[in-house]
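The primary structure of each chain is shown beneath.
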Amino acid sequence: MKRLLLIIEVIIFSFGSVISADNWSTPINISGKNSRSEDPIIVVDFYENVYTVWREQTETMKEPWQPFYTLVRSFKMGDKDKWSLPERCPQDFWKTFSEWPWPQLITDGRATSLIWTDSSRSQETIFAGNLQGEWTLIQIGNIVFSQKNANDSWSDSDLLFKKETGPPPPEGWTLYKSFLVFSSVIGAFDAEGSLYIIGNSDDYSTLPFFGPSVWLIKKKQGIPWQTDRLPELPTKTEELLQGFRPDSNTSQNEQLTLASATPLFLGTDKQGTLHYVCGWYRFRANNRYIDWIWAYLNKPKESAWSQPRIIFADIADVARCTPDIVLDKEMGILNFVWREISKTEEIVDMSDLFYATFVPGEEKITKPQKIFFDSPYISRYAPALDIDQDNTLHLVFGETQFTGDPPGSQHDPWNWKRSIQYAYKARNQQWGTSNTVTEERNPTVWTSVKIGRKSIHLAWVHDEMSNQFNVYYSSKPVMFAGVTANGKLTTTWGRIKEDKLFQNYPNPFNPETWIPYQLAEGAEIDVKIYSATGQLVRSLALGRKPAGFYTDRNKAAYWDGKNEAGEHVSSGVYFYSIKAGDFIATKKLVIAK
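Residues numbered from 1 in each chain as written. Predicted model: local features only at pLDDT ≥ 70, side-chain atom pairs only at ≥ 80, totals over all residues. Heavy atoms only, no water.

Right, let's talk about the overall build of the protein for a bit. Counting its regular elements, the protein contains two helices and 45 strands. Per-residue burial over the protein gives 52% buried out of 593 residues. Relative to all contacts within the protein whose residues are 6 or more apart in sequence, the contacts with residues 24 or more apart total 56%. When the accessible area of the protein is evaluated, it comes to approximately 27,800 Å², of which 49% is carbon and sulfur surface. (Helix = DSSP H or I, 4+ residues; strand = E, 2+ residues; numbered from the N terminus. Buried < 20%, exposed > 50% of the residue type's maximum accessible area, 1.4 Å probe, protein only. Contact = heavy atoms within 4.5 Å. Areas by Shrake-Rupley, 256 points an atom, 1.4 Å probe, with all protein chains shown as cover.)

Within strand 8 (residues 111–117), seven of the seven residues are buried, leaving the element largely enclosed by the surrounding structure. Relative to strand 8, strand 7 (residues 104–107) is paired through four bridges, and the arrangement is antiparallel. Looking at the pairing, Gln-104 lines up with Ile-115 of strand 8. In sequence, strand 7 turns back onto strand 8 through a hairpin of three residues, with Gly-109 there showing a positive phi of about 105°. Taken together, the seven bridges between strand 8 and strand 11 (residues 143–149) define a ladder with antiparallel strand orientation. Each bridged residue has a counterpart across the sheet, and for Thr-112 the counterpart in strand 11 is Lys-148. (Pairing = 2+ DSSP bridges.)

Moving on, we get to the environment of Asn-563. By secondary structure assignment, the location of Asn-563 is in the loop between strand 43 (557–559) and strand 44 (572–580). On the accessibility criterion, Asn-563 (18% relative accessible area) is buried. When the C-alpha positions of Asn-563 and Leu-536 are compared, they lie 8.8 Å apart, and in sequence the two are 27 residues distant. Here Asn-563 is in contact with Val-537, Arg-538 and Val-569, once residues within four sequence places are set aside.

Residues Tyr-517, Ile-525, Val-527, Ile-529, Trp-559 and Ile-578 are the most contacted members of the largest nonpolar core, which totals 23 residues. Elements that contribute at least two residues to this core include exactly strand 39 (517–519), strand 40 (523–531), strand 41 (536–545), strand 43, strand 44 and strand 45 (583–591). Of all hydrophobic cores here, the second largest spans 21 residues; its members include Tyr-196, Ala-261, Cys-278 and Trp-305. (Core = buried A, V, L, I, M, F, W, Y, C linked by side-chain atoms within 4.5 Å.)

It is worth spelling out the sheet that holds strand 44 at this point. The strand order across the open sheet built from four strands is 41-40-44-45, with neighbouring strands paired in antiparallel fashion. Every interior strand has two partners, whereas the edge strands, strand 41 and strand 45, have only one. Averaged over all pairs of adjacent strands, the angle between their axes in this sheet comes to 15°, without regard to strand direction. Bridge analysis of strand 44 against strand 45 gives nine bridges, and the strand direction is antiparallel. Along strand 45, the bridge assignment pairs Phe-575 with Lys-588. (Axes fitted to C-alpha atoms, helices over the stretch in contact; angles between N-to-C directions.)

In this section: the side chain of Ser-351. Relative to the helices and strands, Ser-351 resides in strand 25 (residues 350–358). Look at Ser-351 and you get buried, because its relative accessible area is 0%. A polar contact is formed between the side chain of Ser-351 and the side chain of Arg-339, at a distance of 3.1 Å. At 2.5 Å, the side chain of Ser-351 forms a polar contact with the backbone oxygen of Arg-380. Ignoring anything within four residues of it in the chain, the contact list for Ser-351 reads Arg-339, Glu-340, Ile-341, Ile-378, Ser-379, Arg-380 and Tyr-381. (Polar contact = N/O pair within 3.5 Å; in protein donor to acceptor, adjacent residues only side chain to side chain.)

Quick look at the sheet that holds strand 30 (residues 435–440) now. Within the open sheet, the four strands sit side by side as 27-28-29-30. Their pairing is antiparallel. Of all strands in the sheet, those with a lone pairing partner are strand 27 (378–387) and strand 30, marking the two edges. Taking the axes of each pair of neighbouring strands and ignoring which way they run, one obtains an average angle of 20° across the sheet. Where strand 29 (residues 416–425) and strand 30 come together, five bridges link them in antiparallel fashion. Within strand 30, the residue paired with Ile-420 across the bridge is Thr-438.

Another point: the pattern of salt bridges. Inspection of the entire model under this criterion finds 12 salt bridges. Where Arg-55 meets Asp-39, a salt bridge forms, and the shortest distance between an N and an O atom there is 3.5 Å. Taken together, the residues Arg-55 in strand 4 (residues 50–60) and Asp-39 in strand 3 (residues 37–44) connect sequence positions 16 residues apart. Here Glu-56 ties to Arg-88 by a salt bridge, and the two come within 3.9 Å at their closest N and O atoms. Taken together, the positions of Glu-56 in strand 4 and Arg-88 in strand 6 (residues 87–88) put the pair 32 residues apart, joining distant regions of the chain. Residue classification places Glu-56 among the buried positions, given a relative accessible area of 13%. Through salt bridges that share partners, Glu-38, Asp-39 and Arg-55 make up one connected network. (Salt bridge = Lys/Arg side-chain N within 4 Å of Asp/Glu carboxyl O.)

A few words now on the packing of aromatic side chains. Under the counting rule described, the total for this entry stands at 20 aromatic pairs. Here Trp-83 and Tyr-473 contribute two aromatic rings whose centre-to-centre distance is 4.9 Å and whose plane-to-plane angle is 70°, an arrangement assigned as edge-to-face. Separated by 390 residues along the polypeptide, Trp-83 in the loop between strand 5 (67–76) and strand 6 and Tyr-473 in strand 33 (residues 468–477) bring together distant segments of the chain. The residues Trp-83 and Tyr-473 share a single accessibility class, namely buried. Summarising the aromatic geometry, the rings of Trp-559 and Tyr-574 are spaced 6.2 Å apart at their centres and angled 65° between planes, so their arrangement reads as edge-to-face. (Phe/Tyr/Trp six-rings, centres within 6.5 Å; stacked < 30°, edge-to-face > 60°.)

Our next topic: unusual backbone geometry. Following Tyr-505, the chain continues to Pro-506 via a peptide bond in cis, the omega torsion being -10°. Mapped onto the elements, Pro-506 comes out in the loop between strand 37 (500–501) and strand 38 (513–515). Here the amide bond leading from Asn-510 into Pro-511 is cis, since omega sits at 5°, within 30 degrees of zero. Along the chain, the position of Pro-511 falls in the loop between strand 37 and strand 38. Positive phi values are uncommon outside glycine, yet Asp-39 reaches one of about 50°. One non-glycine residue, Glu-48, adopts positive backbone phi at about 65°. Within the element layout of this structure, Glu-48 appears in the loop between strand 3 and strand 4.

For the protein, the average pLDDT comes to 77, and 76% of its residues sit at 70 or higher. Mean pLDDT in the protein bottoms out at helix 1 (residues 2–5), which sits at 35, and peaks at strand 23 (residues 324–328), which reaches 95. Counting contacts from residues 1–21, a segment whose pLDDT is below 50, to residues more than four positions away or on other chains yields 66 contacts. Every residue in residues 242–253 is under pLDDT 50, and counting partners more than four places away or in other chains gives 29 contacts. (pLDDT = per-residue confidence, 0-100.)

Dropping the structure here:
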């Protein structure tokens, strides 16, 4: 026991995914030179095959400015460095600035699906309905689908939902045809392989038996497509706009519906619950500021959709950009990161990144937190977020740091240090400091990040100037284990090199905490809690555990803050010790009440 009193502070270990601060691969231009690319999306399948798709501007009319767009896709197989030549998706051109294609690239782990809305298609959207207001969907005219298995080519681009695949109309029902156009679409696979699609459009004027709505389409292998309509928001616009100041640019009588909302996120957790987030935005003060309203609803497995509710409605003298959202599938918690631009009188507006979470069952998202406080002369933008199997968040973003005279002076506007930054956050921990992926002369406009089983994969668009926007790619290894404070890795792929005891979390805590560890070999596990004087407070016999990582809350050792008599212990410093075979380690924890 005396040895416990001689314990000195040790390097605190974090837990979760292991990310070194270097080893990013050399950036590769995957779009080719002199492209005019925008908004890349990247996904990784079970075999570590990487797929990406982006919009590319192909032509611009002189008056008015109306760019033509096409979708371009590329992929690389497994650990190979070579990307396929960029390939344009067939029959997917857009003729107006307002009708950009917003593609969705999703994977069930084995097959990868590309879904987009093609406003150039002339196919009719067909419904069947009866006098009682019952209806069914026969064909959607402009949602296009293509799929690729690992070793196959992309399938032909075709309508996702058409007469040959949709249900036949019931006998006696009337067919209604419309050139209804879905302006955006979002999709997700669940754990059982069902594909869910939500498309939005607010033009149902030709359909007599129902008002604006959003469609959910589901297909499981071997099961026909099904359609459903999501519940609508409350009809009182005043409730939706509560707290929003009047603005001449936005009609206060405008009706907000789910059909007119922008889809922001769709995903399923481990319990099979679907989570959907959508939103509306408006401009104020001559387009100087942007306000957002976010709504949330979910659908538990084998249950109906919940009623939608507003989880964020705020105004501020900033331009608030579209959030990037990921789901902690184990806890069912949504994580949000977004950019806010502070409009200034300086030559370049400054922007910061904000982070918040939303727990289903709560009324609102948590209070937004600004992340990375270090200098008023650093602007951060284009955030992209993903989450790995250890529930560690991974964030990449562009960064511009002024290196000359203070902003506002007559300085050279290119006298800035630009880079792409990367940071990560383990569950219940703070964001770590960011590190540089690559330095850039010109701004990074869009980023996308995805976590595979072996690597972090990053795609971004680099502004080459002269109206050239090229897509670049880089990656680095990631390991799901512990890492020391100086970045030394403790594991290799497929095998844990050593036993480790990590810092408890949260710490300080009240009243409960979790004690993470890892085992190189199976062993009987005993965890003991001691007071600062060396007195045994609590003994936790965990039984025999196989080799592996025990860092998540459902695997780590748990202490409820009580002694052997079931009484809560007092505040102060305690020590916890683990014994696993011949391995013994001790660390300090703090109870703060």
